[in-house]
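If you want the building blocks of each chain, they are given just below.
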Amino acid sequence: MRLSKLQKYILEKCYNFKGTSPADFYGFHGKSAKSKKIIQDIIHKSLDSLVAGDLLTALGKKTAKKWFIQKVKLTNLGKKLAVKILKCRQRKLPIK
């Protein structure tokens, strides 16, 4: 599964902090010109795709038309992938 930068950010954040809510991921976009509604939709779609890929489990309410996510947790597969992402980010020192 190919992951976007936002999805990698979500996995790292969930790995470092247990039981996070979707509001914790708004910091990824910083203070951009986009409205809060657009950012919410982008984050919600990313969370849905991670849940569909069995990397996250979502806790929340489901209505007939929409799924309201309140908390997300990593699955075992998600933890392995988060560790792999963190290891790829860390560079080795060029010691000779």
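Residues numbered from 1 in each chain as written. Predicted model: local features only at pLDDT ≥ 70, side-chain atom pairs only at ≥ 80, totals over all residues. Heavy atoms only, no water.

*Asks:* Now, about the nonpolar core: what can you tell me, with residues and values included?
*Replies:* The biggest cluster of nonpolar side chains holds 18 residues, and the ones touching the most others in it are Ile 10, Leu 11, Cys 14, Phe 25, Leu 47, Leu 56 and Val 72. Listed by contribution, the elements that provide at least two residues to this core are helix H1 (5-16), helix H2 (36-52), strand S1 (56-62), strand S2 (67-74) and helix H3 (76-89). The residues contacting Val 72, other than those within four sequence positions of it, are Cys 14, Gly 19, Thr 20, Phe 25, Leu 47, Leu 56, Thr 57 and Ala 58. (Core = buried A, V, L, I, M, F, W, Y, C linked by side-chain atoms within 4.5 Å. Buried < 20%, exposed > 50% of the residue type's maximum accessible area, 1.4 Å probe, protein only. Helix = DSSP H or I, 4+ residues; strand = E, 2+ residues; numbered from the N terminus. Contact = heavy atoms within 4.5 Å.)

*Asks:* Outline the pattern of salt bridges, listing residues and values.
*Replies:* Proximity of charged atoms lets side chains of opposite charge pair with each other. A complete count under the given rule lists two salt bridges for this structure. Where Asp 41 meets Lys 37, a salt bridge forms, and the shortest distance between an N and an O atom there is 3.3 Å. Of this pair, Asp 41 and Lys 37 are both found in helix H2, four residues apart, which corresponds to roughly one turn of the helix. Overall, the relative accessible area of 49% leaves Lys 37 in the partly exposed class. (Salt bridge = Lys/Arg side-chain N within 4 Å of Asp/Glu carboxyl O.)

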